[in-house]
Amino acid sequence: MVRRMIDLLLLSKDTPIAKIINGDLQPILPERLPLFLQRIGDIDGWLCSRAIDNHRTNSRLLKKALRLQNRDDLTAVLSVNAATITDNYWVKPLGDTATSYADVRFSVNRFDNLALTGDVNSFHQDPSRTPELTNTGSFEKCWRLYDGQWWMIKAGKPEELFSELLIYRIGKLLGFPMAEYEPEGAFIKSRDFTQGANVDFEPAVSIVGDTPDYIKIYDALKPYGEHITDAYLQMCYLDALVLNLDRHEHNFGVLRDSDTGAVISLAPFFDHNIALVSRNYPHVVNDQLIRDFVELVRYTGKPMKVRELTRAELQKLVFGIPWEPPVRDGTTNPKAFVVQYLLARQAQIKELCRETIHFQPVRQKERDERER
């Protein structure tokens, strides 16, 4: 364990919830602790998990522009009191009675362009507090304010942006809880689904640890309520439908009441850029993702209702995306391929889960309205 020179106070908003003495966690309000700390109590691991990914090129540029003497994760996090956009947790030196939550919350971000694009003009600015030091993930991105609301802007290849936006719109049509996405020029943006930390987002690693096993995750979520596991099943269905290869314990999670610590819901579904045709055109339909989902549904023994998507609906969604997937592997009309591929995956899941998933056909009146 890393030992720090100073002792810290961990807070939620302005409420002290733990002391950190010589690197050891001493809870004050155990029920208000981050779920990661409730599970294993590793304060250094929790702090470092909030740091910007060092492998991102613009992460290194950002730390240089901010004149950080040390470039390690812990230094980066502590330089902004471990504060993030999406929860209310933060730390300060033990004995500091002057600093309040209002002092550490982010209200401006002058290093957004540097974090997103590596803009050299950012080097001419004086260092200032920025949420980029606690903006996690492997893709170049930034937080940006629009009319008082935080949006995450993310870079990517056209096929990645295509997949991200399309899957959001598919999930929305299915009635699933989706993080909102919109095109933003050559980028894509997603609204902060905590609405300025009105609730706390906690990644699934805080609950389940490091496991890709659907059934183990489902069982770990059970204590938080049936509405949580039902939403998890929806997320796994969507991942199977759209071939989301990159679902992991850091890109889904739960929302908690920041005043009580109670788990409210599964977080809206986000991070779908490594899916569909973003990593080449798939040659098979009945792949491991579908088989894992089928195994999960059978394990739960619980009937599930899913809206059945029509060809016309998918055509409208796919051809309405502003980005064009590349022409590869002899696929001359990639958007038409995506429509057919999604229909094939839906049919495969329907066949394998005919006893456990009830696909709801669109009523004729609704079908006519959507297909106009």
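Everything below is about the structure shown above.
This section reports on the structure supplied with the text. Note that this is a predicted model, so its numbers are computed, not measured.

### What about unusual backbone geometry?
For step 1, the next point in the chain: Not every positive phi belongs to a glycine, and alanine 82 is a case in point at roughly 60°.
For step 2, the next point in the chain: Along the polypeptide, alanine 82 turns up in the loop between α4 (73-78) and β4 (89-93).
For step 3, the next point in the chain: Phi at aspartate 271 is positive, roughly 70°, even though this residue is not glycine.
For step 4, the next point in the chain: Summarising the element assignment, aspartate 271 is placed in the loop between β11 (263-266) and α11 (288-300).
For step 5, the next point in the chain: Residue aspartate 271 is classed as buried on the basis of its relative accessible area of 16%.

### A word on the pairing of strand β2 (residues 15-21)
For step 1, the next point in the chain: Pairing of strand β1 (residues 8-12) with β2, which is carried by 5 bridges, proceeds in the antiparallel orientation. Paired with serine 12 across the bridge in β2 is threonine 15.
For step 2, the next point in the chain: Taken together, β1 and the strand that follows it, β2, pair antiparallel across an intervening segment of 2 residues, in which lysine 13 is found at a positive phi of about 55°.
For step 3, the next point in the chain: In this structure, β2 lies alongside strand β3 (residues 24-27), joined through 4 bridges in antiparallel fashion. Pairing of alanine 18 across the sheet is with proline 27, part of β3.
For step 4, the next point in the chain: Between β2 and the antiparallel strand that follows it, β3, lie 2 residues; asparagine 22 among them carries a positive phi value of about 55°.

### Quick notes on the pattern of salt bridges
A side chain with one charge can pair with a side chain of the opposite charge if their charged atoms come near.
For step 1, the next point in the chain: For the structure shown, the criterion picks out 21 salt bridges.
For step 2, the next point in the chain: Lysine 302 is the partner of aspartate 230 in a salt bridge, and the nearest nitrogen-oxygen pair spans 2.4 Å. With aspartate 230 in helix α10 (residues 226-242) and lysine 302 in the loop between α11 and β12 (304-307), this residue pair connects regions lying 72 residues apart in the sequence.
For step 3, the next point in the chain: The partly exposed category is assigned to aspartate 230, whose relative accessible area is 29%.
For step 4, the next point in the chain: A salt bridge links glutamate 313 to arginine 307; its shortest N-O distance comes to 2.8 Å. Considered together, glutamate 313 and arginine 307 belong to a single accessibility category, that of buried residues.
For step 5, the next point in the chain: Residues participating in the shared-partner salt-bridge network are Lys154, Glu164 and Asp271.

### Looking at the packing of aromatic side chains
For step 1, the next point in the chain: The full count for this structure, using the stated rule, is 16 aromatic pairs.
For step 2, the next point in the chain: Taking 5.9 Å as the distance between ring centres and 80° as the angle between the ring planes, the aromatic pair formed by phenylalanine 201 and phenylalanine 270 counts as edge-to-face. Of the two residues, phenylalanine 201 sits in strand β9 (residues 200-203) while phenylalanine 270 sits in the loop between β11 and α11, which places them 69 residues apart along the sequence.
For step 3, the next point in the chain: By the ring-pair criterion, three or more aromatic residues cluster together here, those being Phe176, Tyr237, Phe269, Phe293 and Phe359.
For step 4, the next point in the chain: Above the ring of phenylalanine 139, the side-chain terminus of lysine 154 is found at 5.9 Å from the ring centroid.
For step 5, the next point in the chain: It is lysine 189 that lies over the ring of tyrosine 146; its NZ or CZ is 4.3 Å from the centre.

### Focus on the environment of glycine 171
For step 1, the next point in the chain: Residue position: glycine 171 is located in helix α7 (residues 158-174).
For step 2, the next point in the chain: Measuring from C-alpha to C-alpha, the distance between glycine 171 and valine 242 comes to 9.9 Å, with 71 residues separating the pair along the chain.
For step 3, the next point in the chain: Sequence-distant contacts of glycine 171, that is, excluding residues within four places in its chain, are made with Phe176, Met178 and Leu238.

### Let's talk about the sheet that holds strand β6 (residues 149-154)
For step 1, the next point in the chain: Spatially, β5-β6-β8-β7 is the arrangement adopted by the 4 strands of the open sheet, whose pairing is antiparallel. Edge positions in the sheet fall to β5 (141-146) and β7 (181-184), since each of these pairs with one other strand and no more. Strand-to-strand twist in this sheet, taken as the mean axis angle between neighbours without regard to direction, amounts to 35°.
For step 2, the next point in the chain: Relative to strand β8 (residues 187-191), β6 is paired through 4 bridges, and the arrangement is antiparallel.

### Some remarks on the packing of α10 against α11
For step 1, the next point in the chain: One way to put it is that α10 packs onto α11 with a least axis distance of 9 Å and a crossing angle of 155°. Between α10 and α11, the crossing angle belongs to the class labelled roughly antiparallel. Where α10 crosses over α11, the two elements pack in a sense that is left-handed. Of the residues in α11, those touching α10 at Tyr232, Leu233, Cys236, Tyr237, Asp239 and Ala240 are Leu289, Ile290, Phe293, Leu296 and Thr300.
For step 2, the next point in the chain: The residue makeup of the contact of α10 with α11, split by class, is 9 nonpolar, 1 polar and 1 charged.

### Concerning the nonpolar core
If you look at soluble globular proteins, the nonpolar side chains tend to sit buried side by side.
For step 1, the next point in the chain: Among the nonpolar cores identified, the biggest contains 72 residues, and Leu166, Ile170, Tyr232, Tyr237 and Phe293 are the most heavily contacted of them.
For step 2, the next point in the chain: A total of 11 residues in this core trace back to one element, the largest contributor, which is α10.
For step 3, the next point in the chain: Residue contacts for leucine 166: discarding those within four places in its chain leaves Leu276, Leu317, Val318, Ile321, Val338 and Leu342.
For step 4, the next point in the chain: Residues Leu68, Phe106, Leu133 and Trp150 belong to the second largest nonpolar core, which totals 22 residues.

### Quick word on the state of the cysteines
For step 1, the next point in the chain: One pass over the structure, following the stated rule, counts 0 disulfides.
For step 2, the next point in the chain: There is no disulfide at cysteine 236, and the cysteine sulfur nearest it, in cysteine 353, is 12 Å away.
For step 3, the next point in the chain: On the basis of relative accessible area, cysteine 236 is assigned to the buried category, the value being 1%.

Reading the values: rules and limits
Residues numbered from 1 in each chain as written. Predicted model: local features only at pLDDT ≥ 70, side-chain atom pairs only at ≥ 80, totals over all residues. Heavy atoms only, no water. Helix = DSSP H or I, 4+ residues; strand = E, 2+ residues; numbered from the N terminus. Buried < 20%, exposed > 50% of the residue type's maximum accessible area, 1.4 Å probe, protein only. Pairing = 2+ DSSP bridges. Salt bridge = Lys/Arg side-chain N within 4 Å of Asp/Glu carboxyl O. Phe/Tyr/Trp six-rings, centres within 6.5 Å; stacked < 30°, edge-to-face > 60°. Lys NZ or Arg CZ within 6 Å of the ring centre and 35° of its normal. Contact = heavy atoms within 4.5 Å. Axes fitted to C-alpha atoms, helices over the stretch in contact; angles between N-to-C directions. Parallel < 35°, antiparallel > 145°, perpendicular 65-115°, else oblique. Left-handed = near helix turned anticlockwise from the far one by under 90°. Nonpolar A, V, L, I, M, F, W, Y, C, P; charged D, E, K, R; others polar. Core = buried A, V, L, I, M, F, W, Y, C linked by side-chain atoms within 4.5 Å. Disulfide = S-S within 2.5 Å.

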